[in-house]
Amino acid sequence: MQVVVEKRPSGEFSRALEHLVPADDDLARFVHMTLAQPTDVPKRNVVVLHRGEPVIATTLRLRQDRWELASTTAAPTFAIPHREGMLEPALSALGLPILIIDHVGDAKDDFPRQKLHPFDSYVAPLQGFDFDAYWRSTRLREDIRRAERKASDLQVVQDDAEVVKWSIDTWEGRWTDHPNEEAGAAADLRAVWPELLRRGRLMSTALVTADGAPVASNVNLVDGDTLVGLITARDMSVQGVGSIGTLVAVECFDAARRAGLAKVDIGGFHDHYKRRLAPAGRTAYNVEIEPRLVAADTVAQAERAARALKRRGRRLAASVLGRRAD
């Protein structure tokens, strides 16, 4: 395989995307080309070719000591442009430490040789689910009622472009200095989300004051019949309104139900908070790809050779011991 790694998107990268992204999916092509543009956070645009044909084209963004997909946080349900069956060998061929957060697809099939880290993702089913009973069981119902009383003068705003911008700015400000470096995605959110919002693929729910100032919000991605959680934001200077973040989540569930969606997947981690809102609905996987000094097929050949050498050694030892016994 031939590996091409560049800091800026090249003509080869663009041609590889054209080859690997379905011709009728112009939104995916826009997302991947936009994420390929440089930001203040180091990026690498990668193309891997097998026998001259591209088998993967994607952009990686540096986060801590690893590289993540640039679509992480920005558009996490958009699949990596790749040829079927070539995802693992192509990413392994890059020789980079990569962490794929909540892999889109079957992680066990796609990455049989890599480290998989399972975690619970919490999913709110919107049809036929007794939220009141569930929230009583998690002791959240009273918190919601208290927040509703304290926030009675706040209004709900849906899918407002300025609120989305406020959400990114507020989220970035809160997490910029956090050691997980998640806020490194902020520039990509600003670049991609306005178009996703315009296309109806982004859903934003916010609580605002009477003069329209946002105090809390969340931004989510519409993926088929599922609303996928992306970021939450809150004006931490506003006090005395109780569990306002929880209240926004409840409003988001209601908005998704009105939109005809089947479920809201709020993701994993922060388990104590999320499990109070929704039950565990699926097992997700982080995929940890470690650099290899040699290609995967070479590793397999070496393993087979080592096993054959062991068998020959055992046969030789048995032969020598047999002769000594004689």
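Right above here is the structure, for reference.
A brief look at the structure comes next. (Residues numbered from 1 in each chain as written. Predicted model: local features only at pLDDT ≥ 70, side-chain atom pairs only at ≥ 80, totals over all residues. Heavy atoms only, no water.)

## A word on the overall build of the protein chain
- In terms of regular secondary structure, the protein chain is built from 11 helices and 12 strands.
- Residues counted as buried form 45% of the 326 residues belonging to the protein chain.
- Partitioning the contacts of the protein chain with sequence separation of at least 6, the portion at a separation of at least 24 is 72%.
- Accessible surface computed for the protein chain: about 16,800 Å², of which carbon and sulfur atoms make up 50%. (Helix = DSSP H or I, 4+ residues; strand = E, 2+ residues; numbered from the N terminus. Buried < 20%, exposed > 50% of the residue type's maximum accessible area, 1.4 Å probe, protein only. Contact = heavy atoms within 4.5 Å. Areas by Shrake-Rupley, 256 points an atom, 1.4 Å probe, with all protein chains shown as cover.)

## Focus on the packing of helix α2 (residues 26–35) against helix α8 (residues 186–198)
- At a closest axis distance of 10 Å, the pairing of α2 and α8 adopts a crossing angle of 165°. Relative to α8, α2 is oriented roughly antiparallel. Two packed elements cross with a definite hand, and for α2 against α8 that hand is right-handed. Residue-level inspection shows Leu-27, Phe-30, Val-31, Thr-34 and Leu-35 of α2 in contact with α8, the latter providing Asp-188, Ala-191, Val-192, Glu-195 and Leu-196.
- Residues belonging to the contact of α2 with α8 are distributed by class as follows: 7 nonpolar, 1 polar and 2 charged. (Axes fitted to C-alpha atoms, helices over the stretch in contact; angles between N-to-C directions. Parallel < 35°, antiparallel > 145°, perpendicular 65-115°, else oblique. Left-handed = near helix turned anticlockwise from the far one by under 90°. Nonpolar A, V, L, I, M, F, W, Y, C, P; charged D, E, K, R; others polar.)

## Re empty space enclosed by the protein
- Inspection of the entire model under this criterion finds 1 cavity of 30 Å³ or more.
- Space inside the largest cavity adds up to approximately 70 Å³.
- The wall of the largest cavity is formed by 13 residues, among which His-32, Leu-35, Thr-58, Thr-59 and Ser-71 lie closest to the centre.
- Those elements giving two or more residues to the lining of the largest cavity turn out to be α1 (11–20), α2 and β3 (53–63).
- In terms of residue count, the dominant contributor to the lining of the largest cavity is β3 (3 residues).
- Of the residues in the lining of the largest cavity, the class split is 9 nonpolar, 4 polar and no charged. (1 Å grid on protein atoms, 1.4 Å probe; cavity = no way out; pocket = protein on both sides within 12 Å on 5 of 7 lines; lining within 4 Å. Points joined across faces, edges and corners; volume = space filled by probe spheres on them.)

## Brief notes about the environment of Thr-226
- As for its placement among the helices and strands, Thr-226 is situated in strand β10 (residues 226–234).
- Its relative accessible area of 10% is what places Thr-226 among the buried residues.
- The spacing of Thr-226 and Val-264 is 38 residues in sequence and 5.7 Å in space, taken between C-alpha atoms.
- Aside from chain neighbours lying at most four places away, what touches Thr-226 is Leu-221, Leu-261, Lys-263 and Asp-265.
- Of note is the side chain of Thr-226, whose polar atom sits 3.0 Å from the side chain of Asp-225. (Polar contact = N/O pair within 3.5 Å; in protein donor to acceptor, adjacent residues only side chain to side chain.)

## Looking at the environment of Gly-128
- With respect to the helices, strands and loops of the structure, Gly-128 is situated in the loop between β6 (115–125) and α5 (131–137).
- Spatially, the C-alpha atom of Gly-128 lies 10.0 Å from that of Ala-262, the residues being 134 residues apart in sequence.

## Section: the pattern of salt bridges
- Evaluation of the coordinates by the stated rule reveals 20 salt bridges.
- Put simply, Arg-61 and Asp-188 hold a salt bridge, and the shortest N to O gap is 2.6 Å. With Arg-61 in strand β3 and Asp-188 in helix α8, this residue pair connects regions lying 127 residues apart in the sequence. Of the two residues, Arg-61 and Asp-188, neither departs from the other in class, the shared state being buried.
- Connected through salt bridges with shared partners, the residues Lys-43, Arg-61, Arg-63, Glu-68 and Asp-188 form a single ionic network. (Salt bridge = Lys/Arg side-chain N within 4 Å of Asp/Glu carboxyl O.)

## Here's the deal with the nonpolar core
- Within the largest apolar cluster, 36 residues are counted, with the highest numbers of intra-cluster contacts made by Phe-78, Leu-189, Trp-193, Leu-196 and Leu-202.
- The set of elements that each furnish at least two residues to this core consists of α1, α2, β2 (43–50), α7 (161–175), α8, β9 (214–223) and β10.
- For this core, the element with the highest residue contribution is α8, accounting for 6 residues. (Core = buried A, V, L, I, M, F, W, Y, C linked by side-chain atoms within 4.5 Å.)

## Considering the pairing of strand β4 (residues 66–69)
- In this sheet, β4 lies alongside β3 in antiparallel orientation, the contact comprising 4 bridges. Within the sheet, the bridge partner assigned to Arg-61 lies in β4 and is Glu-68. (Pairing = 2+ DSSP bridges.)

## Details of the packing of aromatic side chains
- One pass over the structure, following the stated rule, counts 5 aromatic pairs.
- Between Phe-131 and Phe-253, the ring centres sit 5.7 Å apart and the planes meet at 35°, which makes this aromatic pair tilted. Residue Phe-131 is found in helix α5, and its partner Phe-253 is found in helix α9 (residues 244–258); the two are separated by 122 residues along the sequence. Of the two residues examined, Phe-131 and Phe-253, each falls in the buried class.
- An aromatic cluster is defined as three or more aromatic residues linked by ring pairs; in this entry it consists of Phe-129, Phe-131, Tyr-134, Trp-135 and Phe-253. (Phe/Tyr/Trp six-rings, centres within 6.5 Å; stacked < 30°, edge-to-face > 60°.)

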